[in-house]
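Structural characterization, general
Listed here are the chains, written in short residue letters.
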Amino acid sequence: MAIINLKKKEVQAKIVYYGPGRGGKTTNLEYIYKKFRNRIQTEMVTIKTHGDRTLFFDFLPIEIGRIKGYDIRIQLYTVPGQVKYESTRRLVLRGVDGIVFVADSLAVRRNENVLSLKSLTENLASYKKSISEIPLVFQYNKRDLLNEGIPLLPVEWLEKDLNSKLNAPSFEASALKGPKVVETMKKIIIMTIDSLRKDLT
Amino acid sequence: MDKKYSSDTDGQRTYVFTSAQLSKIEAVLTEDLLDVGVHSVTLIDMAGNIISTMDNGENKHDLYSLAALAAGNFGAVSTMAGLIGEDEFSLLFHKGKKENIHFSKVTDEFLLITIFGKEVSLGFLRLKVAEATEKLIGAL
């Protein structure tokens, strides 16, 4: 649920990074935090388990400048990826305006990607939102591992498994090393703000 | 007062707050809460976005992180209430050595976070929050 403040001429929108456990959602936010440290006024908030896995969410607010005279403030969140945290994922999705689905390119994770997308679809439906209508970007993460001889899912398979009906924009990325992390974020921000454009009088 | 409107497109709800509406909200937060001695008060939505925030000028909290955590905390506690057969817990309050924090649901979509010290009693604060909530409902 985006907030448009006509007094301060400010827009706040919520973007959630969703996907299977150990897929690289937190690593995306950590890369963005490092890259744009000068634009981010606060520390990145993380709620982790002792084993360094996301327990509730990561949170990173980022100011991206002005569009149509409005200061745009984007709140980036991740969800916990582990299967057992379904109710927590649903909580984090409340009021979401845009989604990045971070798919794990490892060949052994094919089924987990499909199950996570199914959970996203169901959790959005619980808020009366449709995955085919909300701004959505796919990120096929860990593509850098191809050079290390680790079996990865071909992008065509990922597209077929996850994106054949949705036809959302997709990026081949490496959250750890950086390629396409910023492009993924820029794309979802543009799509999210575009969905609010008619309210920006 | 200007008319507030919200839109519902593609399953997305957007809240648009006019200048007049925000001025009214700020007046309620100031007169009903800041003027009785609370340190800061912030109206947020359940997604963790800030609608309006007012403080006494002495505190520099990271309000955006606080709003995100408060919305998450409130959601988690509401879910816990459901698990034990309660609709909700009526009192959400954390006590610190110097600062205390009180959460109060305004409507299903909005939450009021009040930070206060030992100069204000919890009972008095709850009374003032209840009065402010009534006025805020009229402004939202």
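No experiment lies behind these values; they were computed from the predicted model shown. (Residues numbered from 1 in each chain as written. Chains lettered and ligands numbered in written order. Predicted model: local features only at pLDDT ≥ 70, side-chain atom pairs only at ≥ 80, totals over all residues.)

1. Topic: the overall build of chain B
For the record, the criterion: Helix and strand definitions here come from DSSP, where helices need a minimum of 4 consecutive H or I residues and strands a minimum of 2 consecutive E residues; each element is numbered from the N-terminal end. We take the radius of gyration over the C-alpha atoms and set the globule estimate at 2.2 Å times the residue count to the 0.38 power. Each residue is classed by its C-beta neighbour count within 10 Å, where at least 20 other C-beta atoms makes it buried, 12 or fewer makes it exposed, and intermediate counts make it partly exposed; the C-beta atoms are placed from backbone geometry. In this description, any two residues whose backbone-derived C-beta atoms lie within 7 Å of each other are considered to be in contact.
Of regular secondary structure, chain B possesses 3 helices and 7 strands. When the helices and strands of chain B are listed from N to C terminus, the series reads β-β-α-β-β-α-β-β-β-α. Computed over the C-alpha atoms, the radius of gyration of chain B is 15 Å, within 12% of the 14 Å expected from 2.2 N^0.38 for a compact globule of 140 residues. Across its three principal axes, chain B shows a C-alpha extent of roughly 45 × 40 × 25 Å. A burial count over chain B gives 38% of its 140 residues as buried. Pairs at least 24 residues apart make up 48% of the contacts formed inside chain B by residues separated by at least 6 positions.

2. A word on the nonpolar core
Heads up, the condition is: Nonpolar core, as used here: buried Ala, Val, Leu, Ile, Met, Phe, Trp, Tyr and Cys residues forming one set through C-beta atoms within 7 Å.
Counting 92 residues, the largest nonpolar core has A:V16, A:F101, B:I44, B:A67, B:A70, B:A71 and B:L111 as its most contacted members. Counting residues per element, this core draws most heavily on helix α2 (residues 63-83) of chain B, which supplies 8 residues. Ignoring any residue separated from it by four or fewer positions in sequence, one finds B:A71 in contact with B:I44, B:M46, B:A47, B:G48 and B:L111.

3. Side note on the sheet that holds strand β7 (residues 110-116) of chain B
Residues and elements named next belong to chain B. Selection rule: Any two strands with at least two DSSP bridges between them are considered paired. In this analysis an axis means a line fitted to C-alpha atoms, helices contributing only their contacting stretch, and an angle means the value between N-to-C directions, from 0 to 180 degrees.
Reading across from one edge, β4-β3-β7-β6-β5 is the order of the 5 strands in this open sheet, with antiparallel pairing throughout. Taken across any chain shown, the strands that pair with only one partner, and hence form the sheet edges, are β4 (50-55) and β5 (92-95). Taking each pair of neighbouring strands and ignoring which way they run, the sheet shows an average axis angle of 10°. Judged from the 4 bridges that link them, β5 and strand β6 (residues 100-105) form a sheet pairing that is antiparallel. Bridge pairing in β6 links K95 to N100.

4. A closer look at the pairing of strand β4 (residues 54-67) of chain A
Residues and elements named next belong to chain A. Both strand β3 (residues 45-48) and β4 contribute to a ladder of 3 bridges, which runs antiparallel. Bridge pairing links V45 to F59 in β4. Linking β3 back to β4 in an antiparallel pair, the connection comprises 5 residues, with D52 at a positive phi of about 70°. Pairing between β4 and strand β5 (residues 70-78): 9 bridges, direction antiparallel. Bridging across to β5, F59 finds its partner in Y77. Connecting β4 to the antiparallel partner β5 that follows it, the hairpin turn spans 2 residues, and K68 within it adopts a positive phi of roughly 50°.

5. Details of the interface of chain A and chain B
In plain terms, the rule: Three classes are used: nonpolar for Ala, Val, Leu, Ile, Met, Phe, Trp, Tyr, Cys and Pro, charged for Asp, Glu, Lys and Arg, and polar for all others, with Gly counted as polar.
Every contact between the two is made by 29 residues of chain A and, on the other side, 28 residues of chain B. Of all the secondary-structure elements, those providing two or more residues to the side of chain A that touches chain B are β1 (2-5), β2 (10-18), β4, α2 (86-92) and α5 (181-196) of chain A. Split into classes, the residues belonging to the side of chain A that touches chain B amount to 13 nonpolar, 8 polar and 8 charged.

6. Quick notes on α5(A)
What counts, and what does not: Multiplying 1.5 Å by the helix residue count minus one yields the expected span of that helix.
Here α5(A) spans 23 Å end to end across 16 residues, near enough to the 22 Å set by a 1.5 Å rise per residue. Regarding α5(A), the residues found buried are A:V181, A:T184, A:M185, A:K187, A:I188, A:I189, A:T192, A:I193, A:S195 and A:L196.

7. Examining the packing of helix α1 (residues 25-35) of chain A against α5(A)
All names here are of chain A. What counts is decided by this rule: Roughly parallel means an angle under 35 degrees; roughly antiparallel, over 145; roughly perpendicular, 65 to 115; everything else is oblique.
Put simply, α1 and α5 touch, their axes get as near as 10 Å, and they point 95° apart. As the angle between them shows, α1 and α5 are arranged roughly perpendicular. Contacts between α1 and α5 involve N28, Y31, I32 and K35 on the former and, on the latter, V181, V182 and M185. Partitioning the contact of α1 with α5 into residue classes produces 5 nonpolar, 1 polar and 1 charged.

8. Examining the confidence of the model for chain B
All names here are of chain B. The line we're drawing: Known as pLDDT, the predictor's confidence for each residue is given on a scale from 0 to 100.
Residue-level pLDDT values for chain B average 89, and 91% of them are 70 or greater. Across chain B, helix α1 (residues 19-33) holds the top mean pLDDT of 97, while strand β1 (residues 5-9) sits lowest at 47. Taken together, the stretch residues 7-12 has pLDDT below 50 and engages in 14 contacts with residues farther than four places along the chain or on a different chain. We note a pTM of 0.91 for the whole complex and an ipTM of 0.85 for its interfaces.

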